[in-house]
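If you want the building blocks of each chain, they are given just below.
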Amino acid sequence: MTQTMTEQLIGELGLREDSVFLKLGSSGLISFSDYIFLLTLLSTSSRHFEVAFRMFDFNGDGDVDAEEFDQVATLLRQNTTHGSRHRDTTGNSYKGVNSALSTYFFGPNRDQKLTIDKFLDFQKQLKEEILTLEFRRKGLSDNAKLSEVDFAEMLLAYAGYPDKRKTRMIKRVRKGYQGEKNIGISLKDYLDFFHFLNSINDVDTALTFYHIAGASIEPSTLKHVARTVAHVELADHVVEVVFTIFDENQDGQLSNREFVAVMKNRMMRGLEKPKDTGFIKLIESSIKCAKQTKPALLDF
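Below: a short report on this structure. Nothing here was measured: the structure is a model prediction, and the numbers come from that model.

Scoring rules and cut-offs
- Residues numbered from 1 in each chain as written.
- Predicted model: local features only at pLDDT ≥ 70, side-chain atom pairs only at ≥ 80, totals over all residues.
- Heavy atoms only, no water.
- Helix = DSSP H or I, 4+ residues; strand = E, 2+ residues; numbered from the N terminus.
- Contact = heavy atoms within 4.5 Å.
- Areas by Shrake-Rupley, 256 points an atom, 1.4 Å probe, with all protein chains shown as cover.
- Patch = residues over 30% accessible without salt bridge, like charges linked within 9 Å, V, L, I, M, F, W, Y side chains within 5 Å.
- Salt bridge = Lys/Arg side-chain N within 4 Å of Asp/Glu carboxyl O.
- Buried < 20%, exposed > 50% of the residue type's maximum accessible area, 1.4 Å probe, protein only.
- Phe/Tyr/Trp six-rings, centres within 6.5 Å; stacked < 30°, edge-to-face > 60°.
- Lys NZ or Arg CZ within 6 Å of the ring centre and 35° of its normal.
- Expected span 1.5 Å × (residues − 1).
- Polar contact = N/O pair within 3.5 Å; in protein donor to acceptor, adjacent residues only side chain to side chain.
- Core = buried A, V, L, I, M, F, W, Y, C linked by side-chain atoms within 4.5 Å.

1. Quick look at the overall build of the chain
Within the chain one finds 16 helices and 4 strands. For the chain, contacts bridging at least 24 residues in sequence account for 72% of all contacts bridging at least 6. Accessible surface, the chain: about 15,700 Å² in total, of which carbon and sulfur atoms supply 50%.

2. Side note on a nonpolar patch on the surface
On the surface, Ile30, Phe32 and Tyr35 cluster together into a nonpolar patch covering about 260 Å² of accessible area. Its location among the elements puts Tyr35 in helix α3 (residues 32–43). Residue classification places Tyr35 among the partly exposed positions, given a relative accessible area of 39%.

3. Focus: the packing of aromatic side chains
Here the structure, examined in full by the defined rule, presents 12 aromatic pairs. Aromatic side chains Phe105 and Phe119 sit 5.7 Å apart centroid to centroid with 55° between the ring planes, which places their arrangement in the tilted category. Of this pair, Phe105 sits in helix α7 (residues 99–106) while Phe119 sits in helix α8 (residues 116–136), placing them 14 residues apart in sequence. Each member of the pair, Phe105 as well as Phe119, is classed as buried. Here the guanidinium or amino end of Arg165 rests over the ring plane of Tyr161, the centre of that ring lying 4.4 Å away.

4. Here's the deal with helix α15 (residues 256–268)
An ideal rise of 1.5 Å per residue puts 18 Å on 13 residues; α15 measures up with 18 Å between its terminal C-alpha atoms. Of all the positions in α15, only Asn256, Phe259, Val260, Val262, Met263, Arg266, Met267 and Met268 are classed as buried.

5. Describing the environment of Ala230
Its location among the elements puts Ala230 in helix α13 (residues 219–230). Given a relative accessible area of 6%, Ala230 falls into the buried group. Spatially, the C-alpha atoms of Ala230 and Leu197 are 8.2 Å apart, while their sequence positions differ by 33 residues. When near neighbours in sequence (up to four residues on either side) are disregarded, Ala230 contacts His195, Phe196, Ser199 and Val225.

6. Comments concerning the pattern of salt bridges
For the coordinates displayed, the defined rule picks out 10 salt bridges. Measuring nitrogen to oxygen at the nearest pair gives 3.2 Å for the salt bridge that ties Glu248 to Arg165. Of the two residues, Glu248 is situated in the loop between α14 (236–246) and α15 and Arg165 in helix α10 (residues 163–176); the sequence distance between them amounts to 83 residues. When its relative accessible area of 32% is taken as the criterion, Glu248 is described as partly exposed. The partner of Glu233 in a salt bridge is Lys223, and the shortest N-O contact between them spans 3.5 Å. Highlighted residues: Glu233 in the loop between α13 and α14 and Lys223 in helix α13, separated in sequence by 10 residues. Among the ionic contacts, a cluster of salt bridges with common partners joins Arg165, Arg172, Glu248 and Glu258.

7. Observations concerning the side chain of Arg266
With respect to the helices, strands and loops of the structure, Arg266 is situated in helix α15. For Arg266, a relative accessible area of 3% translates into the label buried. At a separation of 2.6 Å, a polar atom in the side chain of Arg266 contacts the main-chain carbonyl oxygen of Met154. With residues up to four places along the chain from it excluded, the contact list for Arg266 reads Glu134, Met154, Leu155, Tyr158, Tyr190 and Phe194.

8. Here we look at the nonpolar core
Formed by 47 residues in total, the largest nonpolar core has its most connected members in Phe151, Tyr190, Phe193, Phe196, Phe246 and Phe259. Of all the elements in the fold, those that place two or more residues in this core are α8, α9 (148–155), α10, α11 (187–197), α12 (200–212), α13, α14 and α15. With near-sequence residues (within four places) excluded, Phe151 lies in contact with Leu146, Ile185, Tyr190, Phe193, Val238, Val241 and Val242. Within the second largest apolar cluster, 30 residues are counted, among which are Val20, Val64, Phe106 and Ile130.

Structure, rendered in structure tokens:
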């Protein structure tokens, strides 16, 4: 790819100078194995990566080397369907990371250390850039706003609903936000909502407590959960649109089970569900893999 083509693509996508894609070298181009790893990043929670990091941080200094990180990456890739099903040209599963990503994390000689904070910052920036690109895909700039209908369509993109039901939900939003009510959703409010969804498993737990206690899930409840669990203040208008989408009988209450299920699918971005979502199995797999790597340190 020529420099001119690269600059044109950067302009079309609206990438910032500090974009994670431009940090990866080769004009933002990545290998297929790095692509698979980035998909794994998008579909794996920060909490799971942090647990895996701690399992391989044998001296407790918060750093891992390139070899240890390859173990972490392989472990988590194997626990996602899209990651485990891909093979290289020899038929073997892709292991670790290489090329641009490896150089970014560990330097050209793979002799540097990677901290969990640096890695989680990279994952956070990657997710935010992907969300921003999705926002701009509607032909918007940072200062423009997303229509309520477009927002609803993006939330329901991977819901798995029958077409008729999805059409009915979109129609409800279109009817409810016409004229003066069609004020749109800003990029900030959009990113804040998806920051809230990054904690969807904890949100699920919190909403379940409300349900068990017999309390209804109202707009104020959702805002309180977002503030408490994800430390984010959701815009009133965004919450109102969400209730318009999921509140079928328009009684001002939300079905927490359906909302959480759809939002979990949305955070997976159509990358399919993990082969196993059990947190215990992740820890067990981490311990098993760590024992094989440094058995003397984990003899228990």
